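Analysis of the macromolecular model
Each chain, written out:
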Amino acid sequence: DAKTTQPTSMDCAEGRAANLPCNHSTISGNEYVYWYRQIHSQGPQYIIHGLKNNETNEMASLIITEDRKSSTLILPHATLRDTAVYYCIVRFGSGTYKYIFGTGTRLKVLA
Amino acid sequence: GAVVSQHPSWVICKSGTSVKIECRSLDFQATTMFWYRQFPKQSLMLMATSNEGSKATYEQGVEKDKFLINHASLTLSTLTVTSAHPEDSSFYICSAADPDAAFFGQGTRLTVV
């Protein structure tokens, strides 16, 4: 199962783009990258996922490098409500998948 | 988006009693559900994976006789903490997966006194 490495914490100014990096150098060819976030005392919220192409939805964009060894989650215009712990996960398995959480990045959006 | 409802949101129980937590996928059918626990300032730890109609698969170090999981339908899984002790106090979170992603409940804060 691929492990992920993320910075422990980051700050971002309100209204600016937040770029959260993730390393997953041991990812296998058929393993997807997922991003979730957890606001204090709540369950994680799904943000986005991808395999090898860049993805965008109403919440964020996901940029995956060509070698798939790292990715970046981009929140285009961060707000105070985006303050949370962001988890990058590599989903692994066959048939039944597992979602194993690492330590995540604590993003603080500053006014 | 997919909605997962977990009940109760919080519960306080006496040491030695059992507590049941429900997890429902409201707008999709989940062949796989997961149970996690989270201690303060720590990440989520996967406890077990359950497939509808099958026995749950527990992660290493998780006592299956203490944490009973039932996944009787495609929309409902339950976790029963049996003979709870203060060290079982934690934040328990369920997740239900469709083929594309896993979606999480709001969590249950269990306090054993």
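Let me sum up the structure you'll find in this document. Computed from a prediction, not measured in an experiment: that's the story for all the values here.

1. Brief notes about the layout of surface pockets
If you add up the space inside the largest pocket, you get close to 530 Å³. Taken together, 22 residues form the lining of the largest pocket, with Val85 and Arg106 of chain A together with Gln38, Lys41 and Gln42 of chain B sitting closest to its centre. Residue assignment for the lining of the largest pocket shows that the elements contributing at least two residues are β8 (84–94) and β10 (105–110) of chain A. Grouping the constituent residues of the lining of the largest pocket by class yields 8 nonpolar, 11 polar and 3 charged.

2. Topic: the interface of chain B and chain A
At the junction of the two partners, chain B supplies 22 residues and chain A supplies 19 residues. Of all residues in chain B, Ser43, Leu44 and Phe104 of chain B give up the largest surface area on contact with chain A, accounting jointly for 27% of the area buried on that side. Our count for the contact surface shared by chain B and chain A stands at 1 salt bridge. Lysine 98 of chain A is the salt-bridge partner of glutamate 59 of chain B, the closest N and O atoms lying 2.6 Å from each other. Across the chain B-chain A interface, the total number found is 10 residue pairs in polar contact (both at pLDDT 80 or more). Those elements that place two or more of their residues in the side of chain B that touches chain A are β4 (32–38), β5 (45–51), β9 (90–97) and β10 (102–104) of chain B. When residues of the side of chain B that touches chain A are assigned to their parent elements, the largest contribution, 4 residues, is made by β4 of chain B. Within the side of chain B that touches chain A, the residues separate by chemical class into 11 nonpolar, 8 polar and 3 charged.

3. Observations concerning the sheet that holds strand β6 (residues 61–64) of chain A
All names here are of chain A. Pairing is antiparallel across the open sheet formed by 4 strands, whose spatial order is β2-β7-β6-β5. Of all strands in the sheet, those with a lone pairing partner are β2 (18–23) and β5 (55–56), marking the two edges. Of the pairings in the sheet, the one linking β5 to β6 comprises 2 bridges and is antiparallel in character. Bridging from a neighbouring strand, threonine 56 pairs with serine 61 of β6.

4. Description of the sheet that holds strand β1 (residues 4–7) of chain B
All names here are of chain B. Taken together, the 4 strands give an open sheet; going across it, the order is β1-β3-β8-β7, and neighbouring strands pair in antiparallel fashion. Of all strands in the sheet, those bounded by a partner on one side alone are β1 and β7 (67–73). Pairs of neighbouring strands in the sheet enclose a mean axial angle of 15°, with direction left out of account.

5. Things to note about the nonpolar core
Ranked by size, the top nonpolar core spans 42 residues in total, and within it Tyr36, Tyr99 and Phe101 of chain A together with Tyr36, Phe104 and Leu110 of chain B carry the most contacts. The dominant element in this core, judged by the number of residues it contributes, is β9 of chain B, at 6 residues. Each residue touching phenylalanine 101 of chain A, except ones within four places of it in the same chain, is listed here: Tyr36, Pro44, Tyr87 and Ile89 of chain A together with Tyr36, Ser43, Leu44 and Phe104 of chain B. If you look at the next biggest cluster of nonpolar residues, it comprises 21 residues, including Cys12, Leu20, Ile47 and Cys88 of chain A.

6. Quick notes on the environment of histidine 40 of chain A
With respect to the secondary-structure elements, histidine 40 of chain A resides in the loop between β3 (32–38) and β4 (45–50). In terms of polar contacts, histidine 40 of chain A uses its side chain to reach the side chain of serine 41 of chain A, at 3.2 Å.

7. Points about the pattern of salt bridges
All names here are of chain B. Under the defined criterion, the tally for this structure stands at 4 salt bridges over all chains. Across the pair arginine 24 and glutamate 22 runs a salt bridge, and its minimum N-O distance is 3.5 Å. Exposure remark for arginine 24: the relative accessible area of 36% places this residue in the partly exposed category.

Scoring rules and cut-offs
- Along each chain, residues carry numbers from 1 onward, in the same order as the chain's sequence is written.
- Lettering for chains starts from A, numbering for ligands starts from 1, and both go in the order in which the items are written.
- Per-residue local features of the predicted model are confined to residues with pLDDT of at least 70, and side-chain atom pairs are confined, for both listing and counting, to 80 or more; whole-chain, interface and lining totals are unaffected and use all residues.
- Side-chain metrics in this entry use all non-hydrogen atoms of the structure; hydrogen atoms and water are not considered.
- For cavity detection a 1 Å grid was placed over the protein atoms alone, and a set of points counts as a cavity when a 1.4 Å probe fits there but cannot get out; an open set counts as a pocket when protein lies on both sides within 12 Å along at least five of seven lines, with lining residues being those that have an atom within 4 Å of a point.
- Grid points are joined across faces, edges and corners, and a volume is the space filled by probe spheres set on the points.
- Runs of E in the DSSP output that reach at least two residues are strands. Runs of H or I that reach at least four are helices, and both are numbered from the N terminus.
- As a working rule, the residues Ala, Val, Leu, Ile, Met, Phe, Trp, Tyr, Cys and Pro are called nonpolar, Asp, Glu, Lys and Arg charged, and the rest polar, with Gly in that last group.
- We call two residues in contact when some of their heavy atoms are within 4.5 Å.
- A 1.4 Å probe defines the accessible area here, and the buried area is the portion of it lost by two parts on being joined, summed over both.
- Whenever Lys or Arg places a side-chain nitrogen within 4 Å of a carboxyl oxygen from Asp or Glu, that contact is recorded as a salt bridge.
- Each polar contact in these results corresponds to two N or O atoms within 3.5 Å; when the atoms are within protein, one needs to be able to donate a hydrogen and the other to accept it, and residues that are neighboring in sequence are counted only if both atoms are side-chain atoms.
- For two strands to be treated as a pair, DSSP must find at least two bridges joining them.
- Note on definitions: angles span 0 to 180 degrees between N-to-C directions of axes, and those axes are lines fitted to C-alpha atoms, for helices only across the stretch in contact.
- Remark: nonpolar core denotes a set of buried residues (Ala, Val, Leu, Ile, Met, Phe, Trp, Tyr, Cys) joined through side-chain atoms within 4.5 Å.
- Exposure is judged per residue with a 1.4 Å probe applied to protein chains only, and the accessible area is read against the type maximum: over 50% gives exposed, under 20% gives buried, and values in between give partly exposed.

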